[in-house]
Amino acid sequence: MNAPEESGSTTRGSAPQETKAPRVAVLPRGAGVGWFGLAALVNAVGTGFFYPYQLLFFLAVTGFSLTTIGTALTVATLLALPAVQLVGRCVDTWGTRPVLVTAALVRTAAFVAYPFVHNIVTFVALAVVAAVAQRAEQVSVPVLAAGIAPEGEVGRWLALSRVALNAGMGFGGLLAGLALVASGDRAGFVLVGLLNAASFAVAALLYLPLPTVRPARKEAVPAGGRPWRDALFVRIAVANFLLITVIVATEAGLPVYLVDQLRTPAWIVGLLFAVNTVTMVVLQLPLSSRLGNRSPLRVVAAGTALHAGLLVVLGCADALPLGALLPLLVLGMAVYTLGEIVSTQTLSVLLVTLSPKRQLGSYQAFNQVLVGLALAVVPLLVAFFLAHAPAGLWWVLAAATAALCLGMLSLHRGPAAAAARGAEG
């Protein structure tokens, strides 16, 4: 796409020129954008093999109970968090490429090893290593985008990474579903894990042509500049924490709830993830390109409110016949996905643009500590509710979206609104 055109102007004494509406560039520009998007896509395809079926995967390959798995994953994620700030410093010191390549190779090894682990202590240790590697990747990618994207293109690069993430995860989830249909026993889940491992190995190769970004190189870090002392950044990071909790809990709990609790056909789960994927792929870049002139805090509030539609449908699902439930689930997922597009995109841009350039790695690491807390809470939260009050999970998540929406609107009415708008601009 071409860059936005400036509207025509008039000069004194001449006829007015026709004014054209500025074009909104949709596709990101800049050297390396192809490698950046392809690496994100391959990485996401592998994640899609595993992520929607993660609880079922661990149930099949480890033989542990659902509650044990949920507790172990929560403990592992919490144990990994102290290393995340160190990862941020590594990114600031050594750059993004070595951290990304190392993290991808570590995740490859972890998923090759999972099917051979039947001791709970070993399982937790392996999950800790995998969690640190995942956080390292998620710290590095925004820093990489901010470092190599042309001026004004960071938001579109981040949107591209989300398109690749959702397209890859949807395609990977579809392939995993086919593998599990063909072989629904342990062998099918082992294949899913190995495909995930292979994708991380390929992603490591795709990171190599990209330049490395060292945000702190040749610049001193300002004294006292700590992410947790930046009030606005902390508030945005906490909002992101709540939203990630809702999204991850929905994606992790939905397959188990529909298939194991409500006994609906497994293809419904695939259909819902397909709706999510197609909507993301088609609308992520166009919508993201049009969010720049909107108040970012209001956009986040509106996006979080849209999540509630699907959650309410799921909360009422056990009282609905399948004929009525299916169209409501599809409609709810479409609305939910629109909310996910606008809220996650806006938060991701804010989290980068509100960070000092010299401390991008450290700031993104602080955000990833909160993301890690969300991922630590989710397995235990989902497992507890699915075991004791399945419908209650969805009402709790709906309440969280309402609280987040009100929080963003409250923040919008304060002095933080101008700072947030200035950062996005």
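Residues numbered from 1 in each chain as written. Predicted model: local features only at pLDDT ≥ 70, side-chain atom pairs only at ≥ 80, totals over all residues. Heavy atoms only, no water.

As for the overall build of the protein
For step 1, the next point in the chain: A tally of regular secondary structure across the protein gives 15 helices and 0 strands.
For step 2, the next point in the chain: Sorting the 425 residues of the protein into buried and exposed places 54% on the buried side.
For step 3, the next point in the chain: Within the protein, counting contacts between residues at least 6 apart in sequence, those at least 24 apart form 85% of the total. (Helix = DSSP H or I, 4+ residues; strand = E, 2+ residues; numbered from the N terminus. Buried < 20%, exposed > 50% of the residue type's maximum accessible area, 1.4 Å probe, protein only. Contact = heavy atoms within 4.5 Å.)

What about helix α4 (residues 82-94)?
For step 1, the next point in the chain: Along its 13 residues, α4 runs 19 Å from first to last C-alpha, staying within 8% of the 18 Å computed at 1.5 Å per residue.
For step 2, the next point in the chain: Residues V84, Q85, V87, G88, C90, V91 and D92 constitute the buried set of α4.
For step 3, the next point in the chain: Its buried side turned inward, α4 meets α3 (66-80), α5 (96-113), α6 (120-148) and α13 (360-388).
For step 4, the next point in the chain: G95 lies just past α4 and shows a positive phi near 100°. (Expected span 1.5 Å × (residues − 1).)

Comments concerning the environment of Q261
For step 1, the next point in the chain: For Q261, the location among the structural elements is in helix α9 (residues 231-261).
For step 2, the next point in the chain: Linking Q261 and A387, residues 126 residues apart in sequence, is a C-alpha distance of 9.4 Å.
For step 3, the next point in the chain: The contact partners of Q261, leaving out residues within four places of it in the chain, are V256, L386 and P390.
For step 4, the next point in the chain: At 2.9 Å, the side chain of Q261 and the backbone oxygen of L386 are in polar contact. (Polar contact = N/O pair within 3.5 Å; in protein donor to acceptor, adjacent residues only side chain to side chain.)

Examining the side chain of Q284
For step 1, the next point in the chain: Here Q284 shows up in helix α10 (residues 266-289).
For step 2, the next point in the chain: On the accessibility criterion, Q284 (0% relative accessible area) is buried.
For step 3, the next point in the chain: Beyond its immediate chain neighbours, meaning those up to four positions away, Q284 contacts A159, R162, V163, T279, I341 and Q345.

Description of a nonpolar patch on the surface
For step 1, the next point in the chain: There is a patch of nonpolar side chains on the surface, built from V278, V281, V282, L283, L306 and L338 and spanning about 430 Å² of accessible area.
For step 2, the next point in the chain: At 4 residues, the largest contribution of residues to the nonpolar patch is made by α10.
For step 3, the next point in the chain: One can find L283 in helix α10.
For step 4, the next point in the chain: In this structure L283 comes out as partly exposed when scored by relative accessible area, which is 30%. (Patch = residues over 30% accessible without salt bridge, like charges linked within 9 Å, V, L, I, M, F, W, Y side chains within 5 Å. Areas by Shrake-Rupley, 256 points an atom, 1.4 Å probe, with all protein chains shown as cover. Salt bridge = Lys/Arg side-chain N within 4 Å of Asp/Glu carboxyl O.)

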